[in-house]
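# Inside the fold
One letter stands for each residue in the lines below.
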Amino acid sequence: MGEIVRLQKYIAMSGVASRRAAEQMIAEGRVSVNGKKVTEQGVKVEVGNDKVELDGNLLKVSSKKIYIALNKPAGYVTTVNDQFGRPTVMDLVSKEIHERVFPVGRLDYETEGLILMTNDGDWANKVTHPRFESSKRYYAVLKGVLTIASLNKIRRGVYIDGKKTSPAQCEIMEIESGMTLVEIVIHEGRNRQVRKMFEAVGNPVKALRRVSIGNVELGNLPEGRWRYLTSGEIGYFMNK
Ligand code: URA
């Protein structure tokens, strides 16, 4: 007899999505077990025996876990498929990585820098779940000169979409030609958070690059290239 797991865990184990994203897929009616559509959560399936399909495609549970860091260029979307046919982060890894991996969290189309990819849904959950508060460090080029008052607002928290951001570390690195280069570290991952934070103080972001997540550094990884994470980097999130 194979391992008995909840359906959302099976989907995460198959490497197509995180467990939370899998719950959404189930709710949307995209998942079937042994030919029957399942929309309630928590249904149990047996690995190696039950036939689980997503959008009609059979999901297999592979045991080889892959963890990579990619330097995403601007102009790529962080999804597996794009409805508008734009280049995706998958295009940058699929020639060399044959296992199905998916992006952990998101970077905006026009944002560049570090994005993690894996086929381990539980690990992805730990990296992105707000409870684990993984720190994310960015360099941002801002329009205009950021005042000390605005810098302090960013540090204390600003209201975006009606909710205050949690305290952030932020330093001014350079002011030149009417632009400000800042380093900012946040522990949340709200939609377009860094852009919205600086917009809220009147200094829109002109360019944004993520340079680290937890203990994983972008370092000198060339744009558009990827590398495997070290066991120390993987373990950092695993043990959270
Ligand atoms: N904050 C943003 O505004 N964009 C990103 O891509 C990441 C964080």
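This text gives an overview of the structure that appears in the document. None of these values were measured; they are calculated from a predicted model.

Turning our attention to the pattern of salt bridges. Counting across every chain of the model gives 13 salt bridges. Of the charged contacts, one joins Arg30 and Asp55 as a salt bridge, the two residues approaching to 2.7 Å between their closest N and O atoms. In this pair, Arg30 sits in the loop between helix H2 (19–27) and strand S2 (31–33) while Asp55 sits in the loop between strand S5 (52–54) and strand S6 (57–58), placing the two residues 25 residues apart along the sequence. Taking relative accessible area as the criterion, Asp55 reaches 46% and is therefore assigned partly exposed.

Moving on: the environment of Glu133. Tracing the sequence through the fold places Glu133 in the loop between helix H4 (121–128) and strand S10 (136–143). Residue Glu133 is classed as partly exposed on the basis of its relative accessible area of 48%. It is 8.9 Å that separates the C-alpha atoms of Glu133 and Gly189, two residues lying 56 residues apart in sequence.

For the rest of this paragraph, the subject is the nonpolar core. Nonpolar side chains in soluble globular proteins tend to be buried together. Core analysis: the largest hydrophobic core is formed by 32 residues, its most contacted members being Leu70, Val93, Met117, Ile184 and Phe198. Counting residues per element, the ones that place at least two in this core are strand S7 (67–72), helix H3 (89–93), strand S9 (112–118), S10, helix H5 (148–156), strand S14 (179–186), helix H6 (193–200) and strand S15 (205–213). Of all the elements, H3 adds the most residues to this core, at four residues. Split by domain, the residues of this core number at least three in each of domain 2 (67–131 + 216–238) and domain 3 (135–213). Residues within four places of Phe198 in sequence aside, it is in contact with Leu142, Leu146, Ile154, Cys170, Val182, Ile184, Asn203, Pro204 and Val205.

Calculation rules
Residues numbered from 1 in each chain as written. Predicted model: local features only at pLDDT ≥ 70, side-chain atom pairs only at ≥ 80, totals over all residues. Heavy atoms only, no water. Salt bridge = Lys/Arg side-chain N within 4 Å of Asp/Glu carboxyl O. Helix = DSSP H or I, 4+ residues; strand = E, 2+ residues; numbered from the N terminus. Buried < 20%, exposed > 50% of the residue type's maximum accessible area, 1.4 Å probe, protein only. Core = buried A, V, L, I, M, F, W, Y, C linked by side-chain atoms within 4.5 Å. Domains from an automatic or database assignment. Contact = heavy atoms within 4.5 Å.

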